[in-house]
Each structure stands twice: as structure tokens, then as C-alpha cells.
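A closer look at the structure
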Amino acid sequence: MSTTTQAEEVRAQIGELLPRLRRFARVITRNVADADDLVQVAVEKALARAAQWRPGSRLDSWMFRIMKNAWVDEIRARRRRERVHAPEEAGAAVGDRSAAARDIALSVQAAMARLPEEQRMAIALVLVEGLAYKDAAEALGIPMGTLTSRLARGREALQALLGSNGET
Amino acid sequence: MNRFSEETLMAYADGELDLVVRAEIEAAMAHDPEVARAVERHRLMAAQVRAAYDGVLDEPVPERLATLVASAATAPVIDLAARRDGRRISVGPLQMPAWVALAASVAVGLFVGILLMRSPAAVYEAVEGALVARGALDQALDSQLASAPGDSAVRIGISFKDRNGDYCRTFHLQRDVSAAGLACRSDGSWHLQVLAAAPAIVGELQPAAAMPIPVLHAVDAAIDGEPLDPAAEAAARDAGWR
């Protein structure tokens, strides 16, 4: 595939992935404005590096990896700039649902926001994005064993946080 | 206590196990309510977490994101890396992807027209696969301090050393259009790392505050330690940025 054709292919596929990229960004940044900024930066990076994507491999995992790296860089930069981050902002639109479902969604988001970064990313990829463990581990650049242990610890923490708010 | 670890039951709930272990767990679930409850708890948790974020998929995608991936003819991102067939700008031993992002703006066409054409006023040109500062920009990067009065066409933001020990400076151009970028010194010239459309500077607003995100990210990726203070900036200039 020529560079130009591949760039166009990547561009078109990213266009279709945008809603999922925004969702993943919302989970990891916990904040609407940061999430869309992150998607923008990641898409720009991906388009500039379109030639590095291996045709036939999963573009979503590749994008998630770029987003994860961009977010890690961003957090480091913020710490350097000593800018305080407000994490507790309600992250995702919870849409038209019953009041009970909305309550659950909001408490899940609040609990997710309190998880350590690495556990939240593992959960975002496997539980929210539905990636196989293998693909999630690859996107995060970690071994499978590390991924499963982060997932297990993250779930345990969520269970503890949500359980203490009353059983659903 | 059942003989399956919490991680194994979690993996089962996520559909990750091979047939043999899956069959063992299903057999255990059939006569051990504790195993069945643990699996159910994992499944419920997974469903709740997923449901908590599903609303995002139904939101309209903001236009600034949609335009990024619009077809090449109308795309606001000028992908210099792809234009050069994937070759990369070499910045000393450090290989950086050369990406120049121009945020969506009606000024983009004009901007590219003015800057990429080799008019006498061009502020950069392509030299051996790299974009090298020329004219007023080159002059400002060489000699102007961040504290210089803000009425010139180029304002300098921060100066710092990158991980190769080369000097880099952010700048803000105000000509027919407003743009900001990062340039690093190597082989005796200023190599542009990123250039992006930026809000025009009004009054005494500091350039750093007006830096577009792509420039901030390029700085974060390159910087080694902290930006130079005014004394170090002046000393580096007087030493010719070597």
C-alpha cells in the first residue's frame, strides 16, 4: 500500500472510531474537555504517523496506545507545571435512562475516577471497550500477567467502593 | 473456599479462558453457589461499568474532531511526514516524527500559501527533509529574548535544552496570520519541530499562555528539565546557542 493510500485508509477508519475514542478518553481523563483534547492530540499524532500502522492489525488498539501514551505525557507535564487537576467532575453523559440506572452510572463513574490511573486504563480497555486481554495488554505495552492483576485489583477496588454505597 | 482464584473467575466472566478451564468452572458453578455468585458479581460489574460510559457513544462528535478526519482535500492537518513519504526530520541523533498541525481555521489556506511558497517573506524553507527557519523568524530565534517588547512580528516564548543538549525555543508569529511553534537548534540552524495556528496575541498576553496544544506537547516531549531563566537565556544567546 502506498503511503498516501494508507494515510487515507487510517484517516477513514479513525473517523469511524471517533465515538469509541471519545469514550475511552472520557474514562481515562474523567473530564469532558480533557477527553476531547486528548482525542484531538492522539488523532493528529496518528495521522502524522499513519505510515507506522501495520495494515491488518487492530487500528483501535493502536489508537488506544497512542492515547494512553499522550495522556501519560500530559499528566507528567501537568505535574511539572504544577497545575492542579480536578478529577471528580462527572465524566460521561449518562443520557436518557431511568433515575435508578442514572444513579448507578454516576456512582460507577465516581468510583472509576478514584482508581489509580493504571487500573482505570485496564478496565477502560477490557470492560468498556471490550478488548481481549491480549489486545489490551498490547495497547498498554504490558505483559498479560500485569494486565490481569491490574484488572483484578481495579475490580476489587470498584467492588469495595460501590459496595459501600449500598448494594444495587 | 473454592479452588479457583479470583483472577481465574474474572477471566471466565470476561470470556478469556480456554475450553478446559471453562468447562471446569461451569461444573463448579453447577454445584457450588459460591463460585456461581463470584462469576455473577464479575459479570454484573462489567455490565455496570460498560453501561456507565455507553452514553458517550450517542453524543454527537464535536466538529473540531470530525474535521480532523475529514477527507484529505479539506483536512486541516497538514501532514508533512506523509508528504515526504514517511521520511523523518532528523534532529541530531534524536528521531522525532515530523508533524506540523494546523488547527482548523479559514486562515490555513492563506497561511500555507504565504509560508510554503518561497516568497521573499518566507519564514522557513525545506532543506534536506527538514524545515529550517529563515528571515524574520530565524533572526528572532537567534537574537531575540523572551523579554523583548511585544510589537515585533515574532515573539519568543520559552527557551530550553532538549534531551540531546540542543537549544529549543517556542515562538509566536504574527504576520498576516497568527501561528506558534517550536524550533530546535542543530547544525547551525533552527529546525522547526511543530507549527500550529494560534490565537492572535492581544495586548500583553504572554505567548506561553497562547501556545496551542500541539506545541505544548512537542515541548513536553523534547524538554530536558526546566525552561531557561532569563539570565541563562541571554547567556545561551550570547554563546550562539552552542
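Think of each chain on its own: its residues are numbered from 1, step by step along the sequence as written. Written order determines the labels here, with chains lettered from A and ligands numbered from 1. The model is predicted, so local features are restricted to residues of pLDDT at least 70 and side-chain atom pairs to those at 80 or more, both for listing and for counting; the totals for chains, interfaces and linings are taken over all residues.

On to the overall build of chain B, then. Secondary structure elements follow DSSP: runs of H or I no shorter than four residues count as helices, runs of E no shorter than two count as strands, and numbering proceeds from the N terminus. Each helix and strand counted, chain B has nine helices and eight strands in total. Considering chain B as a whole, with its 242 residues, one finds that 37% of them fall into the buried category. Contacts spanning at least 24 positions in sequence make up 51% of the contacts within chain B whose residues lie at least 6 apart. Counting other C-beta atoms within 10 Å of its own, a residue is labelled buried from 20 upward, exposed at 12 or fewer, and partly exposed in the gap between, with every C-beta atom placed from the backbone. Once C-beta atoms have been placed from the backbone, residue pairs whose C-beta atoms lie within 7 Å are recorded as contacts.

It is worth spelling out the overall build of chain A at this point. Summing up its helical and strand segments, chain A has seven helices and zero strands in all. The N-to-C order of helical and strand elements in chain A reads α-α-α-α-α-α-α. For chain A, with 168 residues in total, the buried portion stands at 46%. When contacts within chain A are restricted to residue pairs at least 6 apart in sequence, those whose partners lie at least 24 apart make up 67%.

On to the confidence of the model for chain A. Residue and element names in this part refer to chain A. Every residue carries a pLDDT, the predictor's confidence in it, which falls somewhere between 0 and 100. The predicted model of chain A has a mean per-residue pLDDT of 86, with 86% of residues at 70 or higher. Across chain A, the element-wise mean pLDDT spans from 88 in helix α4 (residues 99-113) up to 96 in helix α5 (residues 117-128). For the stretch residues 83-90, pLDDT sits under 50, and the model shows nine contacts to residues farther than four places along the chain or on other chains.

Residues other than glycine seldom take positive phi values, yet A:Arg30 does so here, at roughly 65°. Structurally, the position occupied by A:Arg30 is in the loop between α1 (3-29) and α2 (32-48). Phi is positive for B:Asp187, which is not a glycine, with a value near 50°. Examined against the element boundaries, B:Asp187 turns out to sit in the loop between β7 (178-186) and β8 (189-197).

Our focus in this paragraph is the pairing of β8(B). A regular strand places its side chains on the two faces of the sheet in alternate fashion. All names here are of chain B. With eight of its nine residues buried, β8 lies for the most part within the structure. Any two strands with at least two DSSP bridges between them are considered paired. Across eight bridges, β7 lies against β8 in antiparallel orientation. Bridge assignment links Gly181 to a residue of β8, and that residue is Leu195. Here β7 hands over to β8 after two residues, with Asp187 in that stretch at a positive phi of 50°.

The next subject is the interface of chain B and chain A. It is common to report an interface's size as the accessible area lost on association of the parts. With 41 residues of chain B at the contact, the number on the chain A side is 48 residues. Residue contributions to the side of chain B that touches chain A peak at 13 residues, all from helix α3 (residues 33-58) of chain B.

Right, let's get into the pairing of strand β5 (residues 154-161) of chain B. Residue and element names in this part refer to chain B. Along β5, eight of the eight residues are buried, which leaves the element largely enclosed by surrounding structure. Bridge count between β5 and strand β6 (residues 167-174): six bridges; the pairing is antiparallel. When the bridges of β6 are listed, Ile156 appears paired with Phe171. As consecutive antiparallel partners, β5 and β6 are separated by five residues, and within that stretch Gly165 has a phi angle of approximately 85°, a positive value.

The term nonpolar core refers to a set of buried Ala, Val, Leu, Ile, Met, Phe, Trp, Tyr and Cys residues connected through C-beta atoms within 7 Å. A:Ala42 and A:Met67 are the most contacted members of the largest nonpolar core, which totals 68 residues. Per-element tally for this core: the top contributor is α2(A), with nine residues. Beyond its immediate stretch of four places on either side in the chain, A:Met67 contacts A:Leu21, A:Phe24, A:Ala25, A:Leu38 and A:Ala42. Counting 36 residues, the second largest nonpolar core, distinct from the first, contains B:Val123, B:Ala179, B:Val194 and B:Ala218.

To estimate the expected span of a helix, count its residues, drop one, and scale the result by 1.5 Å. For helix α7 (residues 144-163) of chain A, spanning 20 residues, the distance from its first C-alpha to its last is 28 Å, which sits close to the expected 28 Å at 1.5 Å a residue. For α7(A), every residue scored as buried is listed here: A:Leu147, A:Thr148, A:Arg150, A:Leu151, A:Ala152, A:Gly154, A:Arg155, A:Leu158 and A:Leu162. Buried residues belonging to α7(A) abut α4, α5 and α6 (133-140) of chain A together with α1 (6-13) and α3 of chain B.

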